[in-house]
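# Overview (structure and organization)
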Amino acid sequence: MANITYDHQSFSIDGRRIWLISAAIHYPRTPHQLWRKRIRAAKQAGCNCIETYVFWNVHETEPGVFDFAGDRDLRAFIKIVGEEGMFCYLRPGPYICAEWDFGGLPAWLNNIEDIDFRTANGPFLEASARYIGAVMGQVRDLQITSKPATDTKWPKQVSQSRQSGYRGEGGGPIVLMQTENEWFCTSDELHDSYLLENVRHLRENGCTVPITNCNKLWQRVDGTIDTWNDKQHLPATMRQLATLQPDAPRIVTEFWPGWFDLWGKPHNTEDKPDDVLHRLAGILSAGSMYNIYMFHGGTHFGFTSGRLTEHPGTYFPTSYDYDAPLLEGGGRAEKYDAVKRVSMFASHFGEVFSNLSNIPMHTTIAPDADNHPPAVTQLSGSRGDVIFILRGKKDKTKQLDLLLPQGQTLPVQLGSDRAAWLLLNAKLSDELLIDYTNLRPFAYLNAKILVLFGPAGSDGLISINGAPLIVSVPNGKQPHVQQVDGLTLVVLNEDQADAAYVLADGLVVGAAGLDDEDNPIPRNGWATCYQIDLAGKVGKQSQKTERKPAAPKLTDWQHAALGTLLDGSDPSYQPIDGPASLESLGQYNSYGWYRVPVTKTNSGKLLWPDTDDRLHLYDNGKLLTIIGAGDDADDQPTGIKLNDTLTVLADNIGRFHYGHKMGEPKGIAGHLYKVSAVKLAKPKITRQPAPDPFKFIGTAFGKQQGHRPPAQALTWTVTPDGRKPLILETGMNLPDCVIMMNGEPVGLHFKSDKPSGDRFVLEPGVGPVKGGKNQLELALYEPLPDGVDPLKSIKLYKVTDIVSDKRGQWSFSKWAPPADDAFEDLPKSTPSQPAWFRATFNVKQNDVPLWLEPVGMSKGQVFLNGHNVGRYWVATRTGKKVPPQEAYYLPEPWLNVDSENELLIFDEHGKLPNKCKLVYNENGPYG
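Here's a quick rundown of the structure. Every value quoted in this text rests on a predicted model; they were computed, and no experiment measured them. (Residues numbered from 1 in each chain as written. Predicted model: local features only at pLDDT ≥ 70, side-chain atom pairs only at ≥ 80, totals over all residues. Heavy atoms only, no water.)

### Focus: the overall build of the chain
When its secondary structure is counted, the chain shows 12 helices and 59 strands. Computed over the C-alpha atoms, the radius of gyration of the chain is 30 Å, within 12% of the 30 Å expected from 2.2 N^0.38 for a compact globule of 927 residues. Taking the principal axes of its C-alpha atoms as reference, the chain extends roughly 95 × 70 × 55 Å. By residue count, 61% of the 927 residues in the chain fall in the buried class. (Helix = DSSP H or I, 4+ residues; strand = E, 2+ residues; numbered from the N terminus. Rg over C-alpha atoms; globule rule 2.2 N^0.38 Å. Buried < 20%, exposed > 50% of the residue type's maximum accessible area, 1.4 Å probe, protein only.)

### A word on the nonpolar core
Grouped together as the largest cluster of nonpolar side chains are 175 residues, with contacts concentrated most on Y290, F295 and L450. In terms of residues, this core owes the most to one element, helix α4 (residues 122-139), which gives 9 residues. Sequence-distant contacts of Y290, defined by excluding residues within four places in its chain, comprise L20, I21, S22, V252, L280, I283, L284, V342, S343 and A346. Among the nonpolar cores identified, the runner-up in size contains 33 residues, and Y315, V848, Y888 and W894 belong to it. (Core = buried A, V, L, I, M, F, W, Y, C linked by side-chain atoms within 4.5 Å. Contact = heavy atoms within 4.5 Å.)

### A word on the sheet that holds strand β57 (residues 888-890)
The 3 strands are arranged β57-β54-β59 in an open sheet whose pairing can be described as antiparallel. Each edge of the sheet is formed by a strand with only one pairing partner; in this case those strands are β57 and β59 (917-920). When strand polarity is set aside, the average angle formed by the axes of neighbouring strands in this sheet is 35°. The pairing of strand β54 (residues 850-853) with β57 spans 3 bridges and is classified as antiparallel. By the bridge assignment for β57, W851 is matched with Y889. (Pairing = 2+ DSSP bridges. Axes fitted to C-alpha atoms, helices over the stretch in contact; angles between N-to-C directions.)

### Side note on the pairing of strand β14 (residues 289-296)
Most of β14 is tucked away: 8 of the 8 residues are buried. Judged from the 3 bridges that link them, strand β13 (residues 251-255) and β14 form a sheet pairing that is parallel. Following the sheet pairing, F255 is matched in β14 by I292.

### Quick notes on the pattern of salt bridges
Scanning the entire structure with this criterion turns up 43 salt bridges. Residues R655 and D101 are paired through a salt bridge, measuring 2.7 Å at the closest nitrogen-oxygen approach. Taken together, the positions of R655 in the loop between β40 (645-651) and β41 (667-668) and D101 in the loop between β8 (87-93) and α4 put the pair 554 residues apart, joining distant regions of the chain. Ionic contacts of the salt-bridge type, sharing partners, join the residues R36, R40, K43, E83, E84 and D518 into one network. (Salt bridge = Lys/Arg side-chain N within 4 Å of Asp/Glu carboxyl O.)

### Section: the packing of aromatic side chains
Tallying each qualifying case throughout the model produces 50 aromatic pairs. Judged by centre distance (5.6 Å) and plane angle (40°), the ring pair of F345 and F349 falls under tilted. Here the guanidinium or amino end of R29 rests over the ring plane of Y320, the centre of that ring lying 3.8 Å away. A cation sits over an aromatic face here: K859 above W873, 5.1 Å from the ring centre. (Phe/Tyr/Trp six-rings, centres within 6.5 Å; stacked < 30°, edge-to-face > 60°. Lys NZ or Arg CZ within 6 Å of the ring centre and 35° of its normal.)

### Comments concerning unusual backbone geometry
Here G93 and P94 are connected by a cis peptide whose omega angle stands at 20°. Relative to the elements of secondary structure, P94 occurs in the loop between β8 and α4. The amide bond that connects Y293 to the next residue, M294, takes the cis arrangement and shows omega of 0°. Checked against the element boundaries, M294 lands in strand β14. At D632, a residue that is not glycine, the phi angle is positive and equals roughly 75°. Positionally, D632 belongs in the loop between β39 (622-627) and β40. For D632, a relative accessible area of 24% puts it in the partly exposed group.

Quick look at the structure:
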C-alpha cells in the first residue's frame, strides 16, 4: 500500500516524486479490443499517464441498472493502463461535458419529477451519489493508495526508463481523481451544498488519492487542487495559478492540441504541429504538468454525440477525431511527432521538473505573441536547471547565444521548431551530471543511454561530468553513437527523433512505432532500422512498409421500405396520452415514430416550439417539411397544409452537452400550434440592479451569485387569445435576462446557451400566466447594448389554434431495423422516403482500419454486424453536401474474417447506396 502526497511542485509516492505527462483517451470512444494499442501509442509518445472521464450514461442505462462489461469495462481499461506501467487520472464527474450527449448525464434523469441538474437538488444528488458509489465499487482497489490486488502485479517502474516514475507497492495506477467538471460560476452557497457534496461522495466511497477540480477558478473547492483547461496564454496562467495556489502543483488538466468539428463546417485544422509543440513547452516552462485533451479522440458510436450550445443549429459529428495527435483510426499524425518530441523530454527527465524550487520565476518575454523575439526561461531546482527558448510564430531567429552563469557562451541552433529546451547542471544519477548542452534532451534509459537531438548538420556541445564534447548532429538516417565515461550517448537529428522509440532493452531509430510485441513498425522513407542496445551496440535491419490491402466490395444490396410507418397504418403504433418525449417513452438514444391527430389547415403559419430535434412531417407518406435546426430544416413558423393525421419521424440528433438548456426533451414534448405574430410596442425601460439568476435556477453558469450590476428591465403588456398560449422567442442579440410574467420568473435567456434563440411557451393557467392582460418583463443582466433594438431581438406569437388535436388518439412506434423478410431488391429509382438498406462484404484481415464512404446518400445511421457505428450526414435531401465527415469508421474488432459481414444503413430520405464504397485508411476521415 502506497501513500501519495503533494507540495508546490509535484506529487510524491512514498516520498519519491513523480511528474505527470498525461494523454486523454476515452474508453467508450474505442472498442475495448483496441484499448491497449491506443494506450501504448500514448506511452510511445512519451506520456506516462492516461486520463479518462467516466461516462455516467454509458454505465447506468436505467435507474439503478449498471453495466460495466465489454466496451463499458472501466475496470479493465484502468488495469491495462497499469499493466503498461502508466498512471491514471480519473474524472468521474458526475457531469463531464466532453461533447458527449447530455454531458454524460443519463437521459432517464429527465423522467424524475422536480429534478434540476448540476446543483443542490435532492433527486439529482441522490442519483449522482448512487452513480459515484457504483463507479468507486469498480475502481476503489485500483488506486495507488490501495492494497495491491492478489490477481494483479503492477510494474513498479516502466521498462528500463524513467518515463513513468515510481509506483512502489501501490494497488493500482490511479493517482488523481476529479470532481464535477467546468463548473464555471461562483456561489458560496452551492460550494457547500453541491460541490462539497460531490467531494464527500468520492471520499465516503473510498477515494484516497488527491482530488482536483477544473473550474478555471470560477469556484474554488475546499480539499481539491485547482487546475486549468485551455490552449492559449498558458505560461502566464500557470504563473498566476502558482501565486494563487502556492501549496499545490500546477496542472493543465485539458491542453487542447486541436478542436472538435461541427456538422456543416469544415474540418478543424487550426492548430498546427508547431503550435502544439510550442504551447506544450510553454506549459513546462512554467513548471507545470499537462494532460493532452484529446490525445486520441475516437468515435461517437451510436447516438452518443452531443449538441453544441454556442452556435445555432450545430451538432457534433460521429468522428471525434479532434485533429488529435493519434487519429481516429489509430494513425499517427504530424502532431504525434510534435507531442513526442517534448513529452519524451518531460517524462524521461521528470525528476528535474518534480524537484524544481518554490521560488518566484524570473521576468521574461511573454511567449504568446506571434512576432516576439525568442523568450528564454530558466527554472532551477535540486536536480538541476531546465532552460526553455520559445520563439514567436513570425520570428526567424536561427541561432541564439546563451550566456551561462560561469561566463561561457552557448550557441543554440533552433532549427525548424519554435521551442527548444536545454539542461544545465542536471544530476541524472549519482554517476551522471550534465553540466550543459545545446542539444535538446530526448530520453534517458536505465542510466545507460542518453539521447539528445538537434537540427541536422549543427554542432552539438555537451559537457558530462565536467568533460566537454563536440559532436556533429547527423545529416542522414544513421544516428551518432559514442561511449562517454561508461554512458552511451546517442545524438539524433529532428527527423531521427521522430523515428526513435524506446524499447525495454534500448532504442530503435527508423520506426513508425512499436507493435504489440514491441517490434518496430516500418516507417515510410526508412529502408533501414537501427537498434541500439543498453551497451551501445548498434544493429541494422532492412525493412519495407506493407502495401495497403485492396478494399472489399459491397455486394447484394437490398432495400426495406417503410410505407406503413410513414402512412401511420403500421400495427406497431401504440397509443400514448398526447405529446410525450422520447425519454418518457423509454427511447433514450434513438429515432421515434409518432402518429399525431391534427386539425385540418389550409392556411396560416405553424410552429412546434417544444422541440429541439429535427421532426420529419409526413402526410399519407409524403414529406411535407422538416422542422428543427440544421441544414435542410426550418425552425421558424411555416405554412403547410394538413389533413386528419400527421406522421412524424423524430430525429434525436443529440442533447446539449453544456449550459442551462441541458436536459431538453427529445422528440415531441408539446403541441403543434397555428400562430400569428404579435406586433409589440416599444417597451417601458426602467433602470434597476440585475437580477440574481441563482434565485431562479440552481446554477447560473457564467454568473456570480449575489452580483447585481446596474442593468435594465424591459416591460410590455401582453394578452393571449383566450386560454391559448403565447410563445416568446428571444434572439441572439438580447443580453442575458430573466423572463418574468406578472412579477414571477418563467424562464431564463442566456446567449451562450442558444444564440439562435430560446422559445418560451406561456400558457394561461400555468404558473403566473393569466388569461387576460399580463405584464411581460425581461430583467436584463446588463444594460441593453448601444444600437440593439429590443423589438428586433425578441418575437412574440399568439396561438390561434392548437393544431395537434387533443381529442384524437396519439400513437408511437419504436424505431428499429426491420425483420429479415422485409428486405427485397433495390428499387430502380430513389424512394425519397426513409428506408433501410443492407449489403454484405468479405475481408481477409482485420488489422487495418476500414471506412465506409456513403457516397450519394443523405443522413441516417450505420450498423456493422449488429454494432451501431453511428450517425452519418453527408448531404441534404436535395443533394447539398454537408461537411466535414465523408468517411465513417468500421472498427477492426467488429469485422468478421471467417464469415460474411453485414452492413445495415438507415437513410432518412431513401437515397440509394449504389455509390457507397469501403476504403482502407490508417488515419481516418480526414487523413
